[in-house]
Amino acid sequence: MVAYQDLSYWLSTVDEPLTPRPPLAGDTVADVVIVGAGYTGLWTAYYLAEAEPALRIVVLERQVAGFGASGRNGGWCSALLPTSLTALARRHGRDAAIAMQHAMHDTVREVGRVVAAEGIDCHWSYGGTVVLARSAPQVQRARAAVAEARQFGFGPEDLDLLGPAEAVARCGATGVRAATYTPHCAAVHPARLVRGLARAVERRGVTIHERTPVTEIRPRAAVTPAGTVRAPVVIRATEGYTPALTGHRRALAPVYSLMIATEPLPDETWAEIGLAERETFSDHRHVIIYGQRTVDGRLAFGGRGAPYHFGSRVRSDYDREPRVFAALRRTLGDLFPTLGPDVPVTHTWGGPLGVARDWAASVGYHRADGLGWAGGYVGDGVGTSNLAGRTLADLIRNEPTALTRLPWVNHRSPRWEPEPLRWLAVNAGLRLMHSADERESRTGRASRRAATFSRLLGH
Ligand SMILES: Cc1cc2nc3c(=O)[nH]c(=O)nc-3n(C[C@H](O)[C@H](O)[C@H](O)COP(=O)(O)OP(=O)(O)OC[C@H]3O[C@@H](n4cnc5c(N)ncnc54)[C@H](O)[C@@H]3O)c2cc1C
């Protein structure tokens, strides 16, 4: 039996026991069956049940609600998308890119609305995000991000460039030369959000079966060892775990993100670090780092950089990479010397997120066979999964809306290359970004190879 509370600091601090709900006990029928009880599956169930209370909705979850990335992430409910506005405009046109960004801004507000309406105690704090620039190349990237926002009509109220004093007033890290700040982000306790959402859908009559692995998704059926759920609509909401499903091996690559959390820090330390509005924070390096100040005064801090595993394998021991935890701890000390080596890290964890070959998140539904999906959010699924859930509810109900016209709807990403090419390409990309960061911090000069690679990925 998995000790679910050990999977992340967040799952160890939820407001209920993680006792699994009853598994599926045999064949059954429903109107909609959803595979995966993370944010994507549960938001889809939530909006469907709200729109049509009579629908029989069944959610099948291999472990427990929030077992996946939804119970382990950095808790940035942001308006970020894995693809830049420029890349979106190149693919779908300028107006579509702008509409998508506006929809994401609305999404952060919408999650906040539901959290309040449903009484989900997930430590919601709408403090925005500050992304620091601590070297000349990072300042260039901060300026470029703001210039891009302006080109698409987004002003300082959406993304502002801060000078060093303003930036440090928000986040007192070392070597800060500038920062970008957006108000469009809330810090959340991610596991309380997903668990609260599970209870909210149950109040609306949705059935969740936990410890129920789905071995195959096919038109009008989700197959499990205990029985088959037959339904005209079947939704795949399995994100980083998708490659294990028959026929989906190359749909998404599971890439690991890892986190650490300190013990609760004293007020004097917080006076130096700042984050008074619980702004989420990062910097403009290539290999993403992210952090938040928790309600109990810890610093929860994460980053990418763990290796991709051959064959898109996902295993619990991949959540723990001592080398990456040590690197995160060093980075934290470099950002905030007040967190010298003596400040204990009390929790370490990680999990897989889903990356599509073209780095584009997507949501879709095929009426002819009743199959739908959403995912490929990379590291931006906390907010985006809500937009996906609302969109899937409209698509399934055949309601054309502004959401169903957004450019990511029914976007089909190409499949990943077969192995060993996939393993070589993903890990080479990770290594390139790492060495670019190291070189930039050593020489203060931007890495042209990393910039080209980023462009190739459509960032
Ligand atoms: C460490 C980390 C930090 C992150 N930080 C952030 C952040 O700060 N902000 C942000 O926006 N995003 C972040 N992300 C990404 C974000 O957490 C995800 O994009 C989001 O949680 C995806 O939700 P989901 O419901 O699609 O997938 P998941 O939460 O992974 O849920 C999928 C569920 O499906 C279940 N499942 C899989 N296969 C089967 C099967 N065959 N049968 C039955 N059930 C199955 C799994 O057990 C799981 O519960 C982070 C991710 C990680 C790992």
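Before reading further, recall that the structure is shown in the block above.
Quick caveat: nothing in here was measured; it's all calculated off a predicted structure.

Participant: Which parts of the structure should I look at to understand the state of the cysteines?
Facilitator: Two cysteines, two sulfur atoms, one covalent bond between them: this is a disulfide. Under the defined criterion, the tally for this structure stands at 0 disulfides. For the unlinked cysteine cysteine 122, the closest cysteine sulfur is that of cysteine 77, found at 8.5 Å. Under the relative-accessibility criterion, cysteine 122 is labelled buried at 1%. The closest cysteine sulfur to the non-disulfide-bonded cysteine 185 is located on cysteine 77, 6.8 Å from its own sulfur.

Participant: I keep staring at the sheet that holds strand 12 (residues 227–230) and nothing clicks. Help me out?
Facilitator: Each strand in a sheet pairs with its neighbour through backbone hydrogen bonds, running either in the same direction (parallel) or in the opposite one (antiparallel). Spatially, 4 strands are ordered 1-12-11-10 in an open sheet, and the strand pairing comes out mixed. Among the strands making up the open sheet, the edge pair consists of strand 1 (28–29) and strand 10 (216–218). Note that strand 1 and strand 12 share 2 bridges and pair parallel. From the neighbouring strand, valine 29 faces strand 12, where its bridge partner is arginine 230.

Participant: Could you clarify how one ought to interpret the pairing of strand 17 (residues 299–303) in this entry?
Facilitator: When you tally the buried positions in strand 17, you get 5 out of 5 residues, the bulk of the element. Residues Leu299, Phe301 and Gly303 line one face of strand 17 and the alternating positions Ala300 and Gly302 line the opposite face, and both faces are buried. With 4 bridges joining them, strand 14 (residues 253–262) and strand 17 adopt antiparallel strand pairing. Among the inter-strand pairings, isoleucine 260 is bridged to a residue of strand 17, identified as phenylalanine 301. Examined bridge by bridge, strand 16 (residues 289–293) and strand 17 share 5 bridges and lie antiparallel to one another. Residue glycine 291 lies in a different strand from strand 17, and its bridge partner there is phenylalanine 301.

Participant: Please clarify how the nonpolar core should be interpreted in this entry.
Facilitator: The tendency in soluble globular proteins is for nonpolar side chains to be buried as a group. Judged by nonpolar contacts, the single largest core of 65 residues is most densely connected at Leu42 and Trp408. It is helix 3 (residues 94–117) that provides the largest number of residues to this core, a total of 9 residues. Apart from residues lying up to four places away in sequence, leucine 42 is in contact with Ala37, Ala65, Val194, Leu197, Ala198, Val201 and Ile208. The next biggest cluster of nonpolar side chains, apart from the first, holds 30 residues, and it includes Ala167, Ile260, Phe281 and Val324.

Basis of the calculations
Residues numbered from 1 in each chain as written. Predicted model: local features only at pLDDT ≥ 70, side-chain atom pairs only at ≥ 80, totals over all residues. Heavy atoms only, no water. Disulfide = S-S within 2.5 Å. Buried < 20%, exposed > 50% of the residue type's maximum accessible area, 1.4 Å probe, protein only. Pairing = 2+ DSSP bridges. Helix = DSSP H or I, 4+ residues; strand = E, 2+ residues; numbered from the N terminus. Core = buried A, V, L, I, M, F, W, Y, C linked by side-chain atoms within 4.5 Å. Contact = heavy atoms within 4.5 Å.

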